[in-house]
Amino acid sequence: MLSVVRGNNRAILREVYKPVMADAGDKGDRLVPQGDKGALQGQPDAQAARNAGVQDVKAAEAVRTNQSDGSLRKYAGRSSQEQSIEICYDGKVASRAHKATEKELLAQAPKESLKEQSRTLEALETAAKTDPVADVMLRFRKQADAMELGPDKDRLTKLAKEQAAEILQPRQYDDQEDCGVHEIPRGLKEPLAGHVQYPEKEIEALRRLTPEDFRKLAKAMEAAGPAAEESIRQTTQEILVRTGESGRDTMLAGINMIVGLLKYDHDLLFNPEQARKDASKAGEALGLLLLAGARISVGISMTAEEARQSGDYSLPLTRTAQALNNWYDKQTPADQMAIASEICAGFGISAFSAEANKLKKPGAFMEFLKEGISVLPRNPEAERKALEALTGVLKGREPLKEVAGIGAVGKAGEVVKEVQEKGLGDHIMAMVKYLQDGKKKPISAEKAADKARVTKKELHLMTDEELAAHGLERIQKAYDLLFYDKYPHLRKFKSEMQVHHALPQDLLEEHTGLFKAREINDVRFLSGIPNDARIGGKKVHQLITDSWIDFLKQNTSPTREQVMGHMRKLDKQFGQYFMPPVREGER
Amino acid sequence: MKFYTYKPDAAGSYGESTVFLSDEKPRKPIRLHYEFHLWPEEDMQCWICCYVGTDRLRQALEALSPPVSGIDFDEVEISGDDEEFRRVERKGRTDAALGKWYWFKIDGRAGQDDFGESGPARDLVISERVKELLIKGHMIINPSYSFSEYPGEKQEF
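As the structure is a computational prediction, the values presented were derived from the model and not from experiment.

A.B. asks: Please give an account of the overall build of chain B that cites residues and values.
C.D. replies: On a plain count of helices and strands, chain B comes out with four helices and 13 strands. Looking at chain B as a whole, 54% of its 157 residues are labelled buried. Within chain B, contacts between residues at least 6 apart in sequence are counted, and of these 67% link residues at least 24 apart.

Quick look at the structure:
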């Protein structure tokens, strides 16, 4: 701690990087409120001082015991001046008698900051004995301290310090209670200014919705398109009739929120692009829903087909909950602790902090949230803080965006990693594939260059028309890379499904010229088929291939239209098994 | 004797080493390389008008009495493709794990020999005893997908 001492009046300025709080915390100096200053200016003494002449000033100077013209030189030797200015730094003093610059004192900062940290830890340890939230902070802090040196440690240590400061700060105010008048900065009287607004209307609506309402809304979402809209409209009307016209706006706000969240949950599996777009709103809505105490099913996530067969997507938010669990499980232990600590700090209640240990079990994140919310005091202030913490995680860390698959953009994908390893230029060249007319498999750039009688470099510069003149075609990427680039959320199923060409690659050999290789490998005509997708014991992929054999045997010279027609017939028959699903006529 | 139209699975297609007699469609190979795209689950596989079968099926057919008719066995090169087969189906297994396969060359008359081809689409027609052999030997997964009764050649007047 750096402090300045003036003479014998040892008024300590607390931490210099908190000047406002330091002033407010001084026991010797008291801030004079602005209003009081104004009042003083009108007093007779003040008026006399303001109107004093030169003689008055000289007379006053003559009787001063510490008179000075701004230089201490002519008073050198006066012992009373030796300690006129001192700079104290945690027990060490720089003064006229003990020369040391402020810089020299501050040079000891690293060593001293350890002491400071130690004091914070001690304070946390003390607080943890009576405050379970501080206990969680303490464990978080210790974990951060135990990490190896590096940016992760720095980041978590900083977070731990900030959170510890939040926990300990109110105690500093308490300590000041005996120091007379002090002002708390205005900003702190409005803790949520610039943060989360408390959406009372939505929370009220969610509380008034019954489990039956939730079930009906979820059921309504089962239907697709206009049927779902009509079903939701009817359900909404029923709810509004029951709850009365006076709360109409409130109830509509809640219903809209539920429907949006159900849609996000549905889109997670069937339309991840849309889920990504809606992730932010969904995060906010999920936080509110949790606060409102609505039940959220946490089940086993399933494939689109399983969902269709079991009708499971009528269960509210199964996939969202499961996806959040998976997201949490995949975080590093340090990040997990940081997330838990963010939420614990926001919830600030003892029973909840004890639940933190349960988070070590896989898939426990949603239970952790639900249990925390179940013991949350039902008052607006506690809910507001909890909502802020939830929003911090659900919106700030964007797990819902990440689980929708697009969050992978922020991480190094396989292609990016390859680029980093191989170098950009070579990699892009390596990704380009060349195909010969009448062949379904790509050939190397060397072979293609030989065929075109050019160098590899010249080959890469050739236009599609120039390549075609040599019986060559270029596609930009291997089809599986194209597919997983478009559907990154399916990468995790790579070993569990095949990337299927809706237009068989063999068409390039069996009916050369009917389709271009870039058409066959167009990502529109690629679908994932889960390995375990079977009908009557037969693999769905096998049934599709068998059907193409029939088609090709029956049609020895098929037209493009016939081929496309057969593809659409298969989409209609088997599209529900695809990942993502394909509906009739969709391509 | 009853005859049946049999539609074997197509778990693969022509591999790069296949040599064709001509480019006339459907192409007729004189050397067959069968490349699997899916791991085979049945003992007989096809691609357009070519058939391959496992060694155990060949042995079972050769053990029939009277001798099986309408089929010859020849060597075939087999492999798995380096795309989805390698990425998903192979699961660390080598080509040897696919077992020994033979080219089943069909040269019989549909409705008369144990193996024959019928109509412009050259549908494969097998005898009832071959069908029973396939079912009893658990060489097919679901008979209802594989067999339909062969009505005989349509008479043209």
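A.B. asks: Describe the interface of chain A and chain B, naming the residues involved and giving the relevant values.
C.D. replies: In this assembly, 31 residues from chain A lie in contact with 34 residues from chain B. For the pairing of chain A and chain B, the buried interface totals around 3000 Å² over both sides, and the portion due to carbon and sulfur atoms is 45%. Contact with chain B buries surface across chain A, with Lys441, Glu510 and Lys553 of chain A losing the most and accounting together for 23% of the total. Joining chain A to chain B, the criterion identifies nine salt bridges. For Arg27 of chain B, the salt bridge identified is with Glu510 of chain A, shortest N-O distance 2.8 Å. Of all the secondary-structure elements, those providing two or more residues to the side of chain A that touches chain B are helix H26 (479–486), strand E6 (497–501), helix H27 (507–510), strand E8 (534–535), strand E9 (538–539) and helix H29 (540–554) of chain A. When residues in the side of chain A that touches chain B are grouped by element, the largest group, ten residues, is from H29 of chain A. Its residues placed into classes, the side of chain A that touches chain B shows seven nonpolar, eleven polar and 13 charged.

A.B. asks: Any chance you could break down the sheet that holds strand E12 (residues 123–127) of chain B for me, citing the residues and the numbers?
C.D. replies: Residue and element names in this part refer to chain B. If you trace the four strands from one edge of the open sheet to the other, you get E11-E12-E1-E13, paired in antiparallel fashion. Edge positions in the open sheet fall to strand E11 (115–118) and strand E13 (147–149), since each of these has one partner strand only. Across the sheet, the mean angle from the axis of one strand to that of its neighbour is 35 degrees, orientation sign disregarded. Pairing between E11 and E12: four bridges, direction antiparallel. Residue Glu117 lies in a different strand from E12, and its bridge partner there is Leu124. Against the sheet, helix H3 (residues 128–136) engages strand E1 (3–6), E11, E12 and E13, with an angle of about 90 degrees to E12.

A.B. asks: With reference to specific residues and values, describe helix H9 (residues 200–208) of chain A.
C.D. replies: In an α-helix, one full turn covers 3.6 residues, which means residues spaced three or four apart are oriented alike. Considered for burial, the residues of H9 of chain A that qualify are Ile203, Ala205 and Leu206 of chain A. Around the axis of H9 of chain A, the buried residues are gathered within 160 degrees of arc, so they sit on the same side.

A.B. asks: Residues and numbers for the sheet that holds strand E8 (residues 71–75) of chain B, please.
C.D. replies: All names here are of chain B. With antiparallel pairing, four strands are arranged side by side in an open sheet as E6-E7-E10-E8. Looking at the sheet topology across the chains shown, the edges are occupied by strand E6 (44–47) and E8. For this sheet, the mean angle separating the axes of adjacent strands, direction not counted, is 35 degrees. Relative to strand E7 (residues 50–54), E6 is paired through four bridges, and the arrangement is antiparallel. Residue pairing in the sheet places Gln45 in a bridge with Val52 of E7.

A.B. asks: Before we move on, can you summarise the packing of aromatic side chains with the specific residues and values?
C.D. replies: Residue and element names in this part refer to chain B. Counted by the stated rule, this structure contains nine aromatic pairs over all chains. Ring centres of Tyr6 and Phe147 lie 5.1 Å apart, and the angle between their planes is 40 degrees; this geometry places the pair in the tilted category. Residue Tyr6 is located in strand E1, and its partner Phe147 is located in strand E13; the two are separated by 141 residues in the primary sequence. Judged by relative accessible area, Tyr6 falls into the buried class, the value being 2%. For Phe147, a relative accessible area of 12% puts it in the buried group.

A.B. asks: Tell me what's going on with the nonpolar core, and back it up with residues and numbers.
C.D. replies: Residues Leu503 of chain A together with Leu61, Phe115 and Ile126 of chain B are the most contacted members of the largest nonpolar core, which totals 70 residues. For Leu61 of chain B, the residues in contact, after removing those within four places along its chain, are Val68, Ile71, Phe73, Phe104, Phe115, Val130 and Leu133 of chain B. Leu206, Leu217, Ile255 and Tyr328 of chain A belong to the second largest nonpolar core, which has 43 residues in total.

A.B. asks: Residues and numbers for a nonpolar patch on the surface, please.
C.D. replies: Residue and element names in this part refer to chain B. The grouping of Val19, Leu21 and Ile30 at the surface amounts to a nonpolar patch, some 290 Å² of accessible area in total. With respect to the helices and strands, Val19 occurs in strand E3 (residues 19–20). By relative accessible area, which is 36% here, Val19 ends up partly exposed.

A.B. asks: Help me get a handle on empty space enclosed by the protein, residues and values and all.
C.D. replies: For the coordinates displayed, the defined rule picks out seven cavities of 30 Å³ or more. Estimates place the volume of the largest cavity at around 360 Å³. Together, 24 residues line the largest cavity, and His501, Gln505, Asp506 and His541 of chain A together with His37 of chain B are the ones closest to its centre. Secondary-structure elements contributing two or more residues to the lining of the largest cavity are E6 and H29 of chain A. In the lining of the largest cavity, the residues fall into nine nonpolar, eight polar and seven charged. Space inside the second largest cavity adds up to approximately 110 Å³.

A.B. asks: How would you explain the state of the cysteines if you had to name every residue and give the values?
C.D. replies: Summed over the entire model, instances satisfying the criterion amount to zero disulfides over all chains. Of all cysteine sulfurs, the one in Cys50 of chain B lies closest to Cys49 of chain B, which takes part in no disulfide; the gap is 7.4 Å.

So, how was this worked out
- Residues numbered from 1 in each chain as written.
- Chains lettered and ligands numbered in written order.
- Predicted model: local features only at pLDDT ≥ 70, side-chain atom pairs only at ≥ 80, totals over all residues.
- Heavy atoms only, no water.
- Helix = DSSP H or I, 4+ residues; strand = E, 2+ residues; numbered from the N terminus.
- Buried < 20%, exposed > 50% of the residue type's maximum accessible area, 1.4 Å probe, protein only.
- Contact = heavy atoms within 4.5 Å.
- Buried area = accessible area lost by both parts, 1.4 Å probe.
- Salt bridge = Lys/Arg side-chain N within 4 Å of Asp/Glu carboxyl O.
- Nonpolar A, V, L, I, M, F, W, Y, C, P; charged D, E, K, R; others polar.
- Pairing = 2+ DSSP bridges.
- Axes fitted to C-alpha atoms, helices over the stretch in contact; angles between N-to-C directions.
- Arc of directions from axis to C-beta.
- Phe/Tyr/Trp six-rings, centres within 6.5 Å; stacked < 30°, edge-to-face > 60°.
- Core = buried A, V, L, I, M, F, W, Y, C linked by side-chain atoms within 4.5 Å.
- Patch = residues over 30% accessible without salt bridge, like charges linked within 9 Å, V, L, I, M, F, W, Y side chains within 5 Å.
- Areas by Shrake-Rupley, 256 points an atom, 1.4 Å probe, with all protein chains shown as cover.
- 1 Å grid on protein atoms, 1.4 Å probe; cavity = no way out; pocket = protein on both sides within 12 Å on 5 of 7 lines; lining within 4 Å.
- Points joined across faces, edges and corners; volume = space filled by probe spheres on them.
- Disulfide = S-S within 2.5 Å.

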